[in-house]
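# Understanding the architecture of this molecule
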Amino acid sequence: MIDAVNDPSGSHKSRNGSSARRTRSSGGGRARVRMTGKERREQLLDIGRTLFAERGFEGTSVEEIAAKAGVSKPVVYEHFGGKEGLYAVVVDREMRMLLEMVTGALTGGHPRELLEEAAFALLDYIEQSTDGFRILVRDSPVAQSTGTFASLISDIARQVEDILGLEFKARGFDPKLAPMYAQMLVGMVALTGQWWLDVRKPKKAEVAAHLVNLAWNGLEGMEPKPRLIGHRKS
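For the chain, the name recorded in an unreviewed UniProt entry is TetR family transcriptional regulator, with Wenjunlia tyrosinilytica as its organism.

## What about the nonpolar core?
Membership of the largest hydrophobic core comes to 56 residues, with the highest contact counts inside it found for Ile65, Leu98, Phe133, Leu136 and Phe149. Examining the composition of this core, we find that nine residues originate from one element, helix H5 (residues 111-128), more than from any other. Setting aside residues no more than four positions away along its own chain, Phe133 makes contact with Leu122, Tyr125, Ile126, Phe149, Ala190, Gly193, Gln194 and Leu197.

## A look at H5
Compared with an ideal rise of 1.5 Å per residue, which puts 18 residues at 26 Å, H5 spans 26 Å between its outermost C-alpha atoms and is within 8% of the ideal. Counting buried positions over the 18 residues of H5 gives 15, a clear majority of the element.

## Brief notes about the packing of aromatic side chains
Using the criterion set out here, one finds six aromatic pairs in the structure. Ring geometry for Phe168 against Phe173: centres 5.8 Å apart, planes inclined by 85 degrees, an arrangement best described as edge-to-face. Aromatic side chains Phe168 and Tyr181 sit 5.1 Å apart centroid to centroid with 70 degrees between the ring planes, which places their arrangement in the edge-to-face category. Of this pair, Phe168 sits in helix H7 (residues 149-170) while Tyr181 sits in helix H8 (residues 178-199); the two residues are 13 residues apart in sequence, bridging distant segments of the chain. For Phe168, a relative accessible area of 10% translates into the label buried. Owing to a relative accessible area of 35%, Tyr181 belongs among the partly exposed residues under this scheme. Members of the aromatic cluster, connected to one another through ring pairs, are Phe52, Phe57 and Tyr87.

## Brief notes about empty space enclosed by the protein
Here the structure, examined in full by the defined rule, presents one cavity of 30 Å³ or more. In this structure, the largest cavity occupies an estimated 40 Å³ of space. As for the largest cavity, its lining consists of Glu113, Glu116, Glu117, Phe120, Gly230, His231 and Arg232. Residue composition of the lining of the largest cavity, by class: one nonpolar, two polar and four charged.

## Remarks on the packing of helix H1 (residues 37-55) against helix H3 (residues 73-80)
The N-to-C vectors of H1 and H3 enclose an angle of 100 degrees; their axes lie 11 Å apart at closest approach. In terms of orientation, H1 lies roughly perpendicular with respect to H3. On H3, the residues touching Gly37, Arg40, Arg41, Leu44 and Leu45 of H1 are Val75, Val76, His79 and Phe80. Residue composition of the contact of H1 with H3, by class: five nonpolar, two polar and two charged.

## Some points on the UniProt feature "DNA-binding region" (unreviewed entry) in the chain
In the numbering used here, UniProt assigns the "DNA-binding region" (unreviewed entry) feature to residues 61-80. Taken as a whole, residues 61-80 contains 80% helix and 0% strand, while its terminal C-alpha atoms sit 14 Å from one another.

## What about the environment of Met180?
In this structure, Met180 sits in helix H8. Sequence separation of Met180 and Ala157 is 23 residues, and the distance between their C-alpha atoms is 8.9 Å.

## So, the confidence of the model for the chain
Detailed reading of predicted coordinates is not advised where the pLDDT is low. In the predicted model, the chain carries a mean pLDDT of 82, and 82% of its residues have values of at least 70. Mean pLDDT across the secondary structure elements of the chain bottoms out at strand E1 (residues 4-5), with 40, and peaks at helix H2 (residues 62-69), with 97. For the stretch residues 1-20, pLDDT sits under 50, and the model shows 41 contacts to residues farther than four places along the chain or on other chains. A low-confidence stretch, residues 22-30 (pLDDT under 50), is modelled with twelve contacts involving residues beyond four sequence positions or located in other chains.

Rules of the game
Residues numbered from 1 in each chain as written. Predicted model: local features only at pLDDT ≥ 70, side-chain atom pairs only at ≥ 80, totals over all residues. Heavy atoms only, no water. Core = buried A, V, L, I, M, F, W, Y, C linked by side-chain atoms within 4.5 Å. Buried < 20%, exposed > 50% of the residue type's maximum accessible area, 1.4 Å probe, protein only. Helix = DSSP H or I, 4+ residues; strand = E, 2+ residues; numbered from the N terminus. Contact = heavy atoms within 4.5 Å. Expected span 1.5 Å × (residues − 1). Phe/Tyr/Trp six-rings, centres within 6.5 Å; stacked < 30°, edge-to-face > 60°. 1 Å grid on protein atoms, 1.4 Å probe; cavity = no way out; pocket = protein on both sides within 12 Å on 5 of 7 lines; lining within 4 Å. Points joined across faces, edges and corners; volume = space filled by probe spheres on them. Nonpolar A, V, L, I, M, F, W, Y, C, P; charged D, E, K, R; others polar. Axes fitted to C-alpha atoms, helices over the stretch in contact; angles between N-to-C directions. Parallel < 35°, antiparallel > 145°, perpendicular 65-115°, else oblique. UniProt positions renumbered as here; feature names shortened; annotations may be inferred. pLDDT = per-residue confidence, 0-100.

See the structure below:
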């Protein structure tokens, strides 16, 4: 929400440098900050994101979003067409952020290090955007065919298919199976992240090490005390 500071002219500047004007109701009530359209849209997105994370899509109402923003319901409809539109924008932003974090992290040369990086990227996202991850793992509205957690896993898995395909080919395995294994690996990491979202134990690096231990060594060859080989140690 915009946090305005006083200006002798009666105009006010928000902390992000944008201008806002404070007006007073005729009854001498509390001053209200008048935002630009872009500022109001961002404010509504922030409020919606928090409420969707706390209560889910069904448990959040347009009335509550509007009340938190200090505006009338028509303002929400004007910007997003309704609760569904606001939710869709929030989910799209979170999906793009997570996908960019995971794909951007895949810089290692060794396949095991790439797996470590993918695990860290997801756990980093959970730490940095807990509300966003809570929204992604909740059930999406029935009418929404995209933007589900399953579709996100598929998107990320497609990013690592090529990497697995090359590794399979080098080891004499069938590269056509790489897409299936990509789904398995990403799904394992994602579901573990969903569990770690609330427990937050053990520490992130230890979770990543054990994830890679199982994925890389399998149950038969698991190391008693798995280690990380990449540059990330925490």
